[in-house]
Amino acid sequence: MMDILVAGGGIGGLAAALASARAGHRVTVLERRDVFAELGAGIQLAPNAFHALDLLGVGDTVRARAVGVDELRLMDGVAERQLVWMPLTGRYRARFGNPYAVVHRSDLHRPLIDACRDAGVELRPDSRLVGYEQDAEAVRAVLSTGERLPGHALVGADGIRSTVRGQLLADGEPQVSGHTIYRSLVPMDEVPAEFRWNTVTLWAGPKWHFVHYPIGGGEFLNMAITRDDGAREAVAGIPVERRRVLEEFPGVGTVVRRLLELGRDWRSWVLCDRPPAATWTDGRVALLGDAAHPMLQYAAQGACQALEDAVALGGLLNRPDDVPQRLEKYAAARRERTAKAQWVAREMGRRLYHPEGEAARDRDAMLAALTEQQMYDTVQWLHGERDFAAAGTM
């Protein structure tokens, strides 16, 4: 049995804690905020996420809270015509073994918290990590209070602006994408019946796109609209007036306009990511999730890849005498896949969601030529992955 320290109480941190506890270790999660809570609204979970959640023992709980959607749709946001759609029932579920579903972030976060508590994980809010120290025998998490908490390993799951990463890599601030996203939740009973689609629908326009889908058991419509506006300052969760959101997107089609007009309590973020990192470990310290491989939202894989990380890590941490080697084995197993997901996320934003003019026409022609089978083949490497736990045993 080892003492595992996890910095960060978000989805990745809790999943890592749960995987480690299920492997028989004592685990402490250090959360800088005074409560364990997940910010944000909707999140998409592909089958690879559910495979990881099943291995963590919370798959059924999350499925019960999720909305299994029927298809992914990509629409022309100006001409209001369908460009391509990928069915997510029938042959898709038979091939990938799990649904493609959408949830409120809290409907993923809460089952992980409950499972961690049931597994004996110590959850410590108001415990801000400011650095770490280590020697051949142990690592110590240094808190803002001056407390030094010892353990056999420290997992940095503390997000895109990770303190652990800052010490481990010293690679500065995240890369600002120049894309601003506005998010809102609307009660479904306020949404016209003709727009209550059980789909993830994305409307693509020149340098903007809009996505919406049901969450909260179908009680809410999650809406997010993004503009490639060249933003250079990273902001997160800033309240925005409804009027400003409508003014930012004058060229949208009628359906998008009607949905945007339903929005309330809009908040904005400027999207950031980082290039893939060649190093994730430092002795008894390793990065996980957004601390290791933050990615843009366009592949809907940020949380999915963090869950995969957690399963892989939990399967490898089983001997205290070779922790550095096992952490490096974990990183080696995960780096190539997550780097590809980071690159794909960027390319999807550039080539699928925001092109204009000739580039948009080329996209339309490429998508129109795809068969259902070809679409499934294209996402096989991502949605169909089940081997992230193969290196160890949960």
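Structure: above.
Calculation rules
- Residues numbered from 1 in each chain as written.
- Predicted model: local features only at pLDDT ≥ 70, side-chain atom pairs only at ≥ 80, totals over all residues.
- Heavy atoms only, no water.
- Pairing = 2+ DSSP bridges.
- Helix = DSSP H or I, 4+ residues; strand = E, 2+ residues; numbered from the N terminus.
- Buried < 20%, exposed > 50% of the residue type's maximum accessible area, 1.4 Å probe, protein only.
- Arc of directions from axis to C-beta.
- Contact = heavy atoms within 4.5 Å.

For the sheet that holds strand 1 (residues 3-7), give the residues involved together with the corresponding values.
If you trace the six strands from one edge of the open sheet to the other, you get 8-2-1-12-20-19, paired in mixed fashion. Two strands close off the open sheet at either side, each with one partner strand: strand 8 (122-124) and strand 19 (281-282). As paired elements, strand 19 and strand 20 (residues 285-287) share two bridges and run antiparallel to each other. Its bridge partner lying in strand 20, Thr-281 is registered against Ala-286.

Help me get a handle on helix 11 (residues 358-368), residues and values and all.
Because an α-helix completes one turn every 3.6 residues, residues spaced three or four positions apart along the sequence face the same direction. Of all the residues in helix 11, the buried ones are Ala-360, Arg-363, Asp-364 and Leu-367. Angularly, the buried residues of helix 11 cover 100° about the axis, an arc narrow enough to put them on a single face. Residues Arg-361 and Ala-365 are exposed on helix 11 and point more than 90 degrees away from its buried face.

Describe in detail the pairing of strand 6 (residues 81-87), supporting the description with residues and values.
The sheet contact formed by strand 5 (residues 71-76) and strand 6 spans six bridges and is antiparallel. Of the residues in strand 6, the one forming a bridge with Leu-74 is Val-84. Between the antiparallel neighbours strand 5 and strand 6 lie four residues, among them Glu-80 with a positive phi of about 60°.

Which residues make up the environment of Ala-299, and what values do they have?
Tracing the backbone shows Ala-299 in the loop between strand 20 and helix 9 (302-316). For Ala-299 and Arg-346, which are 47 residues apart along the polypeptide, the C-alpha to C-alpha distance reads 8.3 Å. When neighbours within four sequence positions are excluded, Ala-299 is seen to be in contact with Val-344, Ala-345 and Met-348.

Account for the pairing of strand 18 (residues 267-273), with residues named and values stated.
Regular strands show a simple pattern: their side chains alternate between the two faces of the sheet. Of all seven residues in strand 18, five are buried; the element is thus mostly enclosed. Where strand 13 (residues 175-187) and strand 18 come together, six bridges link them in antiparallel fashion. For Tyr-182, the partnering residue across the bridge sits in strand 18 and is Ser-268. Relative to strand 18, strand 17 (residues 238-239) is paired through two bridges, and the arrangement is antiparallel.

Give me the lowdown on unusual backbone geometry, citing residues and values where you can.
Glycine aside, a negative phi is what most residues show, and trans is what most peptide bonds show. Positioned with a positive phi, Glu-80 is a non-glycine residue whose angle comes to about 60°. Inspection of the secondary structure puts Glu-80 in the loop between strand 5 and strand 6. You will see that Asp-126, though not glycine, has its phi angle at about 55°, which is positive. By the secondary structure assignment, Asp-126 is in the loop between strand 8 and strand 9 (129-134).

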